[in-house]
Amino acid sequence: MTRMSISTDVREIRGLGDSWTGWRPTTTVSSMAAAFLIAFACAATVLAIFGVGERGTSIALRVTARWSFFLFWLAYTGSAMARLFGPRFAGLARRGRDFGLSFAAAQVIHVGLVIWLFYLAPGSNGGMVFFWVGILCTYLLALISLPRIRDSVGPRLWPTLRTAATEYIALAFAADFILGPLQTNKLGTHPLTYLPFALLLLGGGGLRVTAYVRQQLHANEIQRL
Ligand code: HEM
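Residues numbered from 1 in each chain as written. Predicted model: local features only at pLDDT ≥ 70, side-chain atom pairs only at ≥ 80, totals over all residues. Heavy atoms only, no water.

**Things to note about the overall build of the chain**
In step 1: Each helix and strand counted, the chain has 10 helices and zero strands in total.
In step 2: Its helices and strands taken in sequence order, the chain reads α-α-α-α-α-α-α-α-α-α from the N to the C terminus.
In step 3: A total accessible area of about 13,500 Å² is found for the chain, and carbon and sulfur atoms account for 69% of it. (Helix = DSSP H or I, 4+ residues; strand = E, 2+ residues; numbered from the N terminus. Areas by Shrake-Rupley, 256 points an atom, 1.4 Å probe, with all protein chains shown as cover.)

**Some details on the packing of helix H2 (residues 27-50) against helix H5 (residues 96-120)**
A pair of packed helices is characterised by two quantities: the angle between their axes and the separation of those axes.
In step 1: Where H2 contacts H5, the axes come no closer than 8 Å and their chain directions differ by 30°. On the basis of their axis angle, the class for H2 and H5 is roughly parallel. Between H2 and H5 lies a crossing of right-handed hand. From H2, Thr27, Thr28, Ser31, Met32, Ala35, Phe36, Ala39, Phe40, Ala43 and Leu47 reach across to H5, where they touch Asp98, Leu101, Ser102, Ala105, Ala106, Val108, Ile109 and Leu113.
In step 2: Taken together, the residues that form the contact of H2 with H5 break down as 13 nonpolar, four polar and one charged. (Axes fitted to C-alpha atoms, helices over the stretch in contact; angles between N-to-C directions. Parallel < 35°, antiparallel > 145°, perpendicular 65-115°, else oblique. Left-handed = near helix turned anticlockwise from the far one by under 90°. Contact = heavy atoms within 4.5 Å. Nonpolar A, V, L, I, M, F, W, Y, C, P; charged D, E, K, R; others polar.)

**So, the site of the ligand**
In step 1: Inspection of the region around the ligand gives 22 residues, with Ser58, Arg66, His110, Asp176 and Tyr194 positioned closest.
In step 2: Residue tyrosine 194 places a side-chain N or O atom 2.5 Å away from an oxygen atom belonging to the ligand.
In step 3: Of all the elements in the fold, those that place two or more residues in the shell around the ligand are helix H3 (54-85), H5, helix H6 (129-144) and helix H8 (157-184). (Near = heavy atom within 4 Å. Polar contact = N/O pair within 3.5 Å; in protein donor to acceptor, adjacent residues only side chain to side chain.)

**Points about the side chain of aspartate 98**
In step 1: Relative to the elements of secondary structure, aspartate 98 occurs in helix H5.
In step 2: A distance of 2.9 Å separates polar atoms of two side chains, one belonging to aspartate 98 and the other to arginine 95.

**Side note on the pattern of salt bridges**
In step 1: In total, this model carries two salt bridges according to the counting rule given.
In step 2: In this structure, the salt-bridge partner of aspartate 98 is arginine 95, at a minimum N-O distance of 2.9 Å.
In step 3: Aspartate 98 gets classed as buried once you look at its relative accessible area, which sits at 2%. (Salt bridge = Lys/Arg side-chain N within 4 Å of Asp/Glu carboxyl O. Buried < 20%, exposed > 50% of the residue type's maximum accessible area, 1.4 Å probe, protein only.)

**Some remarks on H3**
In step 1: Helix length check: H3 (32 residues) gives 44 Å between terminal C-alpha atoms against 46 Å at 1.5 Å per residue, within 8%.
In step 2: The largest bend along H3 measures about 40° and falls at threonine 77.
In step 3: Phi turns positive one or two residues past the end of H3, at glycine 86, with a value near 90°. (Expected span 1.5 Å × (residues − 1). Bend = angle between axes of the 7 residues up to and from the residue.)

**Side note on the packing of aromatic side chains**
In step 1: The final tally for this structure, using the stated rule, is 14 aromatic pairs.
In step 2: Between the aromatic rings of phenylalanine 69 and phenylalanine 197, the centroid separation amounts to 6.0 Å while the plane-to-plane angle is 70°, which identifies the pairing as edge-to-face. Pair noted here: phenylalanine 69 is in helix H3 and phenylalanine 197 is in helix H10 (residues 191-224), with a separation of 128 residues, a long-range link. Neither phenylalanine 69 nor phenylalanine 197 differs from the other in exposure class; each is buried.
In step 3: Following the ring pairs from residue to residue traces out a cluster consisting of Phe69, Phe72, Tyr76, Phe103, Phe173, Phe177 and Phe197.
In step 4: Its end group placed over the ring of phenylalanine 197, arginine 66 keeps NZ or CZ at 5.1 Å from the ring centre.
In step 5: The ring of phenylalanine 99 carries the charged tip of arginine 95 above its face, separated from the ring centre by 5.6 Å. (Phe/Tyr/Trp six-rings, centres within 6.5 Å; stacked < 30°, edge-to-face > 60°. Lys NZ or Arg CZ within 6 Å of the ring centre and 35° of its normal.)

Encoded structure:
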């Protein structure tokens, strides 16, 4: 038995599937724990400086959103970058699920702050269905990425669900980093707190579309041969 087939068998026994080459038992859990703790530390620091009232909570929400966006972006663009720019980015693509689950772990703090804000200002929780659907997508993705559930969803439905949920989350970020700031002119008044994130998001979307189009063209070429 070759070394590769042994490692494949071990991955299968652990139920990790093909994309988990180089996986170490603690990687996913420790990435999630680190993401959660960093988000927690950011929120605690902001609340300690600005207070636990509405102002401090609102700033903490903005800070945790930016940290979780960083993790989301890596999950969002990793495989597109590997497809477009080659094996240098293969590691990033391979760790897509780690980044996605780390994003979900960091978002727990965002949700905690949202609940705290509702407690501080009861009645301010209307009109946020759009963002709650984003949270639903986040944890649905995390759930379906579990090998056993992913296998029962099937290889046809899983990529569709993953793409739909991921793009929805990207849309939620776009609402806060692009649409909202454009409407309130925050892009002009606070360019550094919005522009880099807006550009990363647009760039990430562009990379994904380009990688998809290239893959389709390649598939068509193969079919014609
Ligand atoms: C996947 C889902 C979500 C994403 C992607 C997201 C994203 C963001 C982003 C990017 C910001 C920073 C906005 C800024 O700097 O102006 C933010 C802040 C905030 N979010 Fe979320 N969020 C999500 C879920 C939610 C939910 C479910 C709620 C509440 C219903 C919520 C309430 C807030 C509030 C109140 C702020 C602070 C806004 C401010 O004070 O300017 N978010 N979120």
